[in-house]
Amino acid sequence: MDTYSFIYSFADKTCKYSTTFKYAGACYKGPTIGPTLCYISEYNFEFLSQKEYWEFDETSVKFCRDQDTCHFYFRICEELPEDIKTSCGGTSGVCINKNGIHYNLGNYNNTYDDLSRRTDGQGFVASYTGGDPAFLACSASSEMTTTLNFICGYSAVWSNETNSALQPYNVKYDAVKCTAEFFFRYSGACVSVDSFDVPILFLFVVFIFIIFVLYWIIGFSINLAFGKRGAEVIPNKTFWLELVHLFTGGFIFLFRLITCRSKDTVEKTGDEEPIVKKGYQTIDNAKYPFGP
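Rules behind the numbers
- Residues numbered from 1 in each chain as written.
- Predicted model: local features only at pLDDT ≥ 70, side-chain atom pairs only at ≥ 80, totals over all residues.
- Heavy atoms only, no water.
- Core = buried A, V, L, I, M, F, W, Y, C linked by side-chain atoms within 4.5 Å.
- Buried < 20%, exposed > 50% of the residue type's maximum accessible area, 1.4 Å probe, protein only.
- Helix = DSSP H or I, 4+ residues; strand = E, 2+ residues; numbered from the N terminus.
- Contact = heavy atoms within 4.5 Å.
- Phe/Tyr/Trp six-rings, centres within 6.5 Å; stacked < 30°, edge-to-face > 60°.
- Lys NZ or Arg CZ within 6 Å of the ring centre and 35° of its normal.
- Salt bridge = Lys/Arg side-chain N within 4 Å of Asp/Glu carboxyl O.
- pLDDT = per-residue confidence, 0-100.
- Polar contact = N/O pair within 3.5 Å; in protein donor to acceptor, adjacent residues only side chain to side chain.
- 1 Å grid on protein atoms, 1.4 Å probe; cavity = no way out; pocket = protein on both sides within 12 Å on 5 of 7 lines; lining within 4 Å.
- Points joined across faces, edges and corners; volume = space filled by probe spheres on them.
- Nonpolar A, V, L, I, M, F, W, Y, C, P; charged D, E, K, R; others polar.
- Pairing = 2+ DSSP bridges.

## Quick word on the nonpolar core
Ranked by internal contacts, the top residues of the largest apolar core, which has 37 residues, are Phe74, Leu148, Phe150 and Trp158. Counting residues per element, this core draws most heavily on strand β11 (residues 179-186), at four residues. Ignoring any residue separated from it by four or fewer positions in sequence, one finds leucine 148 in contact with Phe74, Ile76, Val94, Phe124, Val125, Ala126, Tyr128, Phe182 and Phe184. Judged by nonpolar contacts, the second largest core, of five residues, contains Tyr73, Leu80, Ile84 and Cys95.

## Quick word on the packing of aromatic side chains
Here the structure, examined in full by the defined rule, presents 30 aromatic pairs. Centre to centre, the rings of phenylalanine 47 and tryptophan 54 are 5.8 Å apart; their planes meet at 45 degrees, and the pair counts as tilted. Each member of the pair phenylalanine 47 and tryptophan 54 is classed as buried. Note on tyrosine 103 and phenylalanine 135: the rings are 5.6 Å apart at their centroids and 55 degrees apart in plane angle, and the pair reads as tilted. With tyrosine 103 in strand β6 (residues 101-107) and phenylalanine 135 in the loop between β8 (123-131) and β9 (144-152), the pair connects residues that are 32 residues apart, well separated along the chain. An identical accessibility class is assigned to tyrosine 103 and phenylalanine 135; each is buried. Over the face of the ring belonging to tryptophan 54 we find lysine 51, whose NZ or CZ atom lies 5.6 Å from the ring centre. For the cation-ring pair, arginine 185 lies above tyrosine 169, with the distance from its terminal atom to the ring centre recorded as 4.3 Å.

## Some details on the pattern of salt bridges
One pass over the structure, following the stated rule, counts four salt bridges. The closest approach of N and O atoms between glutamate 79 and lysine 85, which form a salt bridge, is 2.5 Å. For glutamate 79, a relative accessible area of 25% puts it in the partly exposed group. Several salt bridges converge on common partners, so that one network encompasses Glu79, Glu82 and Lys85.

## As for the confidence of the model for the protein
The predicted coordinates of low-pLDDT regions are not to be read in fine detail. On average, residues of the protein score 76 in pLDDT, and 69% of them are at 70 or above. In this model, residues 4-9 is a region of pLDDT below 50 whose contacts with residues beyond four sequence positions or in other chains number 15 contacts.

## Some remarks on the side chain of threonine 146
Structurally, threonine 146 is set in strand β9. On the accessibility criterion, threonine 146 (0% relative accessible area) is buried. A polar contact of 2.6 Å, which involves the side chain of threonine 146, links it to the backbone oxygen of leucine 105.

## Overview of empty space enclosed by the protein
Evaluated as defined, the whole model comprises one cavity of 30 Å³ or more. Of the volumes computed, that of the largest cavity is approximately 30 Å³. Every residue lining the largest cavity is listed: Phe56, Phe72, Tyr73, Phe74, Val94, Leu148 and Phe182. Each residue belonging to the lining of the largest cavity can be placed in one class, and the counts come to seven nonpolar, no polar and no charged.

## Let's talk about the pairing of β9
Along β9, eight of the nine residues are buried, which leaves the element largely enclosed by surrounding structure. Pairing analysis gives seven bridges linking β8 to β9, with the strands arranged antiparallel. The partner of valine 125 across the bridge, within β9, is asparagine 149.

Now the structure itself:
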């Protein structure tokens, strides 16, 4: 407690006593909007962003091959923790420890451009810019850009117990453009069933199809077991034959109705005037010479 004061007011007869405390949580750190921007409705960002950082070792790529240590760190929707960021510099979101030397591969910029859907619809991309060009030996005037691609993989479940990320299945470096791309499989990059109804409809159709197939298999088996042969093995034969007949008749009627082909016929018997049969309507020309 630093100060205190006593205030007495004659106007409204109020008595006030105030104190001042020092509190670390009251310090202004600037707007933290990262978690708010870290959202695309159909993907699971929450799991990735709840970790302070993810890490993995990579020794198979060109710039890490034959190195004792090539340890990567990255964080989604936030800067890396202070202890790692201090070694990497800047507002690093992706960093590498290569043989004890830390390189900032890209800063977290806290903008809407940091996260985006992949154009092929197979996941999403996290982008980091302003990295150290020395890692790829780029031009000194360049800034390194790193993109983390998270591709749908239903079995690619990341552990909640550790900070270890799944190994990227592909890594691309371009020293001319000063870019690095990492490709990860991640189950959270698969479109959620809750985000649209097509998968539910698909599952329903598959369920009906399975029931239909089982109906025929079981029906055939029962009829064969009772010694029926030929067309008699069809389960509920009369019903299905009648159904086919009704569908055929309905289709023919609809076709004639649409194409206006009513299949006109003319009948003439003896010396009588011809009777024209027009579809389902019969017109006697002797009674109606000009039509009904």
